[in-house]
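Residues per chain, in single letters:
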Amino acid sequence: VGGAKGGREAAELSVRTFFDGFHAQPESLSVEQAASRTLGAINRWTLALGRADPALAGMATTFSTLILIGREAHIAHVGDSRIYRYSGQQLQCLTRDHIHPHPDQRHVLLRAVGLEEHLHVDHEMVRLEPFDRFLLCSDGVHGVLTDKQIAEHLSQRTAAQEAASRI
């Protein structure tokens, strides 16, 4: 959350600890359960840090992850970052923005890591198809580019780094 003092720290903490936390979960859990448990722990940690340190007051972050297992793509999402899938010449947004519905307050997040005691995470699973491409982006991209422009960039079968640089 760019407007909060600890936004950058919250984002870094969430991304770095999600990998280890997710893989430390028992294999008997579903992907959804493992992601929810991991993000719940990160949420509690972020809240505690933000409350304990005035320099990190309001520490919160949007969070979207794409977990590829076998022929499935699993999404865990909270906030206003997005995950797009480009498949069969069609662009599909796989996430829903958790923002205030009033036009003047679209920058206000309703859900984010570190925002509230209980974190409600959206989950989605899609079957992978050959040549699927995914884009994880913040509102710095989807707030500027139209879906048509994003689809045009993803339709060009270039290396991921080159596509990201163009976007």
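Located above this text is the structure these notes cover.
Residues numbered from 1 in each chain as written. Predicted model: local features only at pLDDT ≥ 70, side-chain atom pairs only at ≥ 80, totals over all residues. Heavy atoms only, no water.

Undergrad: Break down the sheet that holds strand 3 (residues 82–87) for me, with residues and values.
TA: In spatial order, the strands read 4-3-6; together these 3 strands make up an open sheet with antiparallel pairing. Each end of this open sheet is capped by a strand with a single partner; those strands are strand 4 (90–93) and strand 6 (133–137). Between one strand and the next, the sheet's axes are offset by a mean angle of 20°, whatever the strand orientation. One ladder, built from 4 bridges, connects strand 3 with strand 4; its direction is antiparallel. Opposite Tyr84, over in strand 4, you have Cys93 as the bridge partner. Here helix 4 (residues 147–155) sits on the sheet in contact with strand 3, strand 4 and strand 6, set at roughly 55° to strand 3. (Pairing = 2+ DSSP bridges. Helix = DSSP H or I, 4+ residues; strand = E, 2+ residues; numbered from the N terminus. Axes fitted to C-alpha atoms, helices over the stretch in contact; angles between N-to-C directions. Contact = heavy atoms within 4.5 Å.)

Undergrad: Which residues make up the nonpolar core, and what values go with them?
TA: Considering soluble globular proteins, one finds that nonpolar side chains tend to be buried as a cluster. Grouped together as the largest cluster of nonpolar side chains are 15 residues, with contacts concentrated most on Phe18, Phe22, Leu39, Phe63, Val113 and Leu119. For this core, the elements supplying multiple residues, two or more each, are helix 1 (7–23), helix 2 (31–52), strand 1 (63–69) and strand 2 (72–78). Once you skip the residues sitting within four places of it in the chain, Phe22 turns out to touch Val31, Ala34, Ala35, Thr38 and Ile67. Within the second largest apolar cluster, 9 residues are counted, among which are Tyr84, Leu135, Val141 and Ala151. (Core = buried A, V, L, I, M, F, W, Y, C linked by side-chain atoms within 4.5 Å. Buried < 20%, exposed > 50% of the residue type's maximum accessible area, 1.4 Å probe, protein only.)

Undergrad: Requested: an account of the packing of helix 1 against helix 2, with residues and values cited.
TA: Orientation of helix 1 relative to helix 2, taken along the N-to-C sense of each, is 140°, at an axis distance of 10 Å. If you check the angle between helix 1 and helix 2, you find them oblique. Crossing hand, helix 1 versus helix 2: right-handed. Contact residues: helix 1 offers Ala10, Leu13, Ser14, Thr17, Phe18, Gly21 and Phe22, while helix 2 offers Val31, Ala34, Ala35, Thr38, Leu39, Ile42, Trp45, Thr46 and Leu49. (Parallel < 35°, antiparallel > 145°, perpendicular 65-115°, else oblique. Left-handed = near helix turned anticlockwise from the far one by under 90°.)

Undergrad: Help me get a handle on the state of the cysteines, residues and values and all.
TA: With the rule as written, the count across this model stands at 0 disulfides. In this structure Cys93 is a free cysteine whose sulfur lies 7.8 Å from that of Cys137, the closest cysteine sulfur available. Assessed through its relative accessible area of 32%, Cys93 is described here as partly exposed. (Disulfide = S-S within 2.5 Å.)

Undergrad: Got a sec to walk through helix 1? Specific residues and values, please.
TA: Between its first and last C-alpha, helix 1 extends 25 Å over 17 residues, near the 24 Å set by a 1.5 Å rise per residue. Buried within helix 1 are the following residues: Gly7, Ala10, Leu13, Ser14, Phe18 and Phe22. In the core, the buried residues of helix 1 are packed alongside helix 2 and strand 1. (Expected span 1.5 Å × (residues − 1).)

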